[in-house]
Amino acid sequence: MVAQLTSGERQLALVVLIALALVGLAMGVVGRADPIGVHGLIVLVLSVGLTFLVLSSLYAPEPSAERLSQYYDDPSKVGIILAIVWGIIGMAMGVWVAALLAWPDLTFDAGWASFGRLRPVHTSGVIFGFGGNALIATSFHVLQRTSRARLAGQFSPWFVLLGYNLFCIIAAAGYFMGVTQSKEYAEPEWYADIWLVIVWVTYFLLYIRTLARRKEPHIYVANWYYMAFILVVAVLHIVNNLAVPVSLGHAKSYSAFSGVQDAMTQWWYGHNAVAFFLTAGFLGMMYYYLPKRAGRPIFSYRLSIISFWGITFMYMWAGSHHLHYTALPEWVQTLGMTFSLVLLVPSWASAGNALATLNGAWHKVRDDATLRFMMAAAVFYGLATFEGSFLAIRQVNSLSHYTDWTVGHVHAGALGWVALITFGSIYSVVPWLWKRERMYSAALVEVHFWLAIAGTVVYVFAMWNSGIIQGLMWRTYNESGTLTYSFIDSVVAMHPYYIARAFGGLLFLLGILVCAYNIWMTIRMAPAVQPTSTADLPEPRQIPVSPAPAE
Amino acid sequence: MSLDHETLVAFSKSWGLFYLIALAIGVVIYALWPANLSKFHVAKQSILDEDDKPWT
Ligand code: HEM
Ligand code: HEM
């Protein structure tokens, strides 16, 4: 893969890697026993390792100019594999965390294995490791296909992908050591945050530069979603992480905000992370791979545009529904609640648009588990957004907040929507990227589908039950006006549901393991089509496609 | 001018309201504008063709 880079790009890679190794060294020296020192060591080791990789092919012959007449897919391939690896790690952590809630002894008396440290490894592992890598990999793929242009440059895609994974590794390693800013989904400390800003800005620039080269004049709607994801995440990340470190040699920092402003900033971030990380980017996937796989254009392109702007503008105002009944001024809470309710309209417009696209192709949905993954994702998207708008109503939230109902909602979205749409897209894109006719085994895709559905349903139902029981127990009074149940009563009542949830999660984890095996075998499978006719080789026929054919 | 609560509310009730409504109207007009329909039609069809190479 290094040999694919031009010699200029290889040199640039070397310079960047050596600079990074020096930064790692400096962090190690200045930080010494502080966690930042350990992080420095990780940075040093990884960048030296990559330096050797680049050195090994530094003098390889220049890549042929023919590459410019093909799309650049190597980063997408690596990104898909990384997504699966992180998915397995993150979901295994999820099962462990779930088991901890049922059997608290599973920490084995080790500090690093305590609930508070493993939980963010789970959330970051699945959201950023699994989701983020899948988003980066598919965004490169979709961007090139829809703009009919090759990625702008070969170095920056690698910088974005590998730099992002460095961030994920630093994050996870930090949690085990107890490093955290105590902001949910923004736990990593200041130096990791600065690094992510650099990576993310490069990502945005790469996207814009490639779009600027596009041969297709109209920017397909999937790109709008991906771009909203990249741009808004940059803004959110920068603002929420404004902080002052104790010193350059310490991991700890203090937020620039305090009190209720801090809470508001955090949940403005937190909710828009849901909106733009867990929703907008994955809608980009859906608007490309679903029509592509179904072989039918999206039902209504107009509707997709209107719902895009609807989601983009309304989500921004909804964050305060995380802070009902807090010190936040009541009008801000009401604002968040109102926007959350209106948000249902563009959300259902997207879900409905996806399902209407499949209307008339139900036989394909029946026969093709890949397409069924995407259909089920659209259904769960509709469900999770409906539930979300409901939970945002202040009176409903007074029952659901702090209970497992929230966790059930989260995983209806995270398993049912985010993970299912990702698996559907991965199964579509893997044969395409590796130039295989199909996945190694359609039967295993089918097995994965049912494991995933069963896992999600068990998980979500367990949490609905547990959450509502919990909420009701906490607000039941007896005749003398005191609480009927003690807190520990509610903990005992939840125990069976926690076991059920861990079991559902285990099914889901088994599903991704099946997926990993299937991908592995697909890659090892010989290209089914005779190599001369694969799309990436130059072909004499070269039908010139006019950019805007008259219908 | 002090940036207190009243000021912010006044601002969001006037400008905030108008720019959001203006944007919403703008988006709807763009999406429903009859001349754009053929463009959208081409856009949604064009991702379906099978060629897998950059255009030159
Ligand atoms: C194997 C499947 C999974 C299992 C067993 C699992 C389990 C868990 C558990 C036990 C928690 C902690 C709940 C608590 O503190 O009470 C949790 C939280 C969370 N998980 Fe998962 N999870 C899984 C998959 C996923 C996936 C795929 C995603 C995202 C794409 C995800 C996103 C989250 C988020 C965002 C939270 C935090 C929720 C909150 O703070 O309300 N999980 N998960
Ligand atoms: C119209 C769309 C949605 C609305 C209005 C909405 C609303 C809400 C509300 C009211 C809460 C509970 C806040 C609390 O009591 O603390 C919540 C939590 C959450 N939702 Fe949604 N939701 C929506 C869609 C989604 C989707 C599609 C996902 C995808 C994964 C998602 C992920 C989450 C997460 C991760 C949390 C937990 C945050 C935390 O406490 O850590 N939501 N949402």
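Residues numbered from 1 in each chain as written. Chains lettered and ligands numbered in written order. Predicted model: local features only at pLDDT ≥ 70, side-chain atom pairs only at ≥ 80, totals over all residues. Heavy atoms only, no water.

Draft legend 1. Structural detail: the overall build of chain A. Secondary structure assignment for chain A yields 17 helices and two strands. C-alpha extents for chain A along the principal axes are approximately 90 × 65 × 45 Å. Counting only residues that meet the buried cut, chain A has 57% of its 551 residues in that class. By element, 72% of the accessible surface of chain A is carried by carbon and sulfur atoms, the whole surface being about 22500 Å². In chain A, 30 positive and 26 negative side-chain charges are present, and the distance between their average locations comes to 9 Å. (Helix = DSSP H or I, 4+ residues; strand = E, 2+ residues; numbered from the N terminus. Buried < 20%, exposed > 50% of the residue type's maximum accessible area, 1.4 Å probe, protein only. Areas by Shrake-Rupley, 256 points an atom, 1.4 Å probe, with all protein chains shown as cover. Lys, Arg positive; Asp, Glu negative; His and termini not counted. Charge placed at Lys NZ, Arg CZ, Asp CG, Glu CD.)

Draft legend 2. Fine view of the side chain of S347 of chain A. Residue and element names in this part refer to chain A. Following the sequence through the fold, S347 ends up in helix 11 (residues 344-358). Classification of S347 as buried rests on a relative accessible area of 1%. Setting aside chain neighbours within four positions, we find S347 in contact with Y381 and T385. (Contact = heavy atoms within 4.5 Å.)

Draft legend 3. Spotlight on the site of ligand 1. Residues and elements named next belong to chain A. Near ligand 1 you find 23 residues, and of these R119, H122, E184, H411 and A414 are the closest. One of the side-chain nitrogen or oxygen atoms of R119 is found 2.7 Å away from an oxygen atom of ligand 1. At 2.6 Å, a side-chain N or O of E184 approaches an oxygen atom of ligand 1. For the shell around ligand 1, the secondary-structure elements that each account for two or more residues are helix 3 (74-102), helix 4 (115-147), helix 15 (404-434) and helix 17 (487-524). A breakdown of the residues in the shell around ligand 1 according to their chemical character gives 15 nonpolar, five polar and three charged. (Near = heavy atom within 4 Å. Polar contact = N/O pair within 3.5 Å; in protein donor to acceptor, adjacent residues only side chain to side chain. Nonpolar A, V, L, I, M, F, W, Y, C, P; charged D, E, K, R; others polar.)

Draft legend 4. Representation of the interface of chain B and chain A in the model. If you look at the interface, chain B gives 30 residues, while chain A gives 45 residues. Counting across the chain B and chain A interface gives three salt bridges. In this structure, the salt-bridge partner of D52 of chain B is R145 of chain A, at a minimum N-O distance of 2.8 Å. At the boundary of chain B with chain A, the tally comes to 13 residue pairs in polar contact (both at pLDDT 80 or more). If you tally residues by element for the side of chain B that touches chain A, the top one is helix 2 (residues 34-46) of chain B, at ten residues. For the side of chain B that touches chain A, the class distribution of residues is 18 nonpolar, five polar and seven charged. (Salt bridge = Lys/Arg side-chain N within 4 Å of Asp/Glu carboxyl O.)

Draft legend 5. Expanded view of the site of ligand 2. Residues and elements named next belong to chain A. Around ligand 2 sit 24 residues in total, of which E184, Y185, N397, H401 and H409 are the nearest. Y185 places a polar side-chain atom, nitrogen or oxygen, 2.7 Å from an oxygen atom of ligand 2. At the level of secondary structure, the elements contributing two or more residues to the shell around ligand 2 comprise helix 8 (259-294), helix 13 (369-391) and helix 15. When the residues that make up the shell around ligand 2 are grouped by side-chain class, the tally is ten nonpolar, 13 polar and one charged.

Draft legend 6. Summary view of the coordination of the iron atom of ligand 2. There is one protein donor for the iron atom of ligand 2, and it is H409 of chain A (NE2), at 2.1 Å. Within the secondary structure, H409 of chain A sits in helix 15. (Donors = N, O, S within 2.8 Å, 3.2 Å for Na, K, Ca; no water.)

Draft legend 7. Broad picture of the side chain of K183 of chain A. All names here are of chain A. Within the element layout of this structure, K183 appears in the loop between helix 5 (155-177) and helix 6 (190-212). In terms of polar contacts, K183 uses its side chain to reach the side chain of N240, at 2.8 Å. When near neighbours in sequence (up to four residues on either side) are disregarded, K183 contacts N240, S255, D262 and Q266.

Draft legend 8. Structural context of the packing of aromatic side chains. Residue and element names in this part refer to chain A. According to the stated counting rule, one finds 37 aromatic pairs over all chains in the structure shown. Taking 5.3 Å as the distance between ring centres and 90° as the angle between the ring planes, the aromatic pair formed by F229 and F277 counts as edge-to-face. Of this pair, F229 sits in helix 7 (residues 221-240) while F277 sits in helix 8, and the two are 48 residues apart along the sequence. For the pair F229 and F277, one class covers both residues: buried. Across from the ring centre of Y254, 4.8 Å away, lies the NZ or CZ of K252, which sits over that ring. The ring of F449 is capped by R372, whose NZ or CZ atom sits 4.9 Å from the centre of that ring. (Phe/Tyr/Trp six-rings, centres within 6.5 Å; stacked < 30°, edge-to-face > 60°. Lys NZ or Arg CZ within 6 Å of the ring centre and 35° of its normal.)

Draft legend 9. Molecular detail of the confidence of the model for chain B. For chain B, per-residue confidence averages 88 on the pLDDT scale, and 98% of positions sit at 70 or higher. Among the prediction metrics, the complex's ipTM stands at 0.88, with pTM recorded as 0.93. (pLDDT = per-residue confidence, 0-100.)

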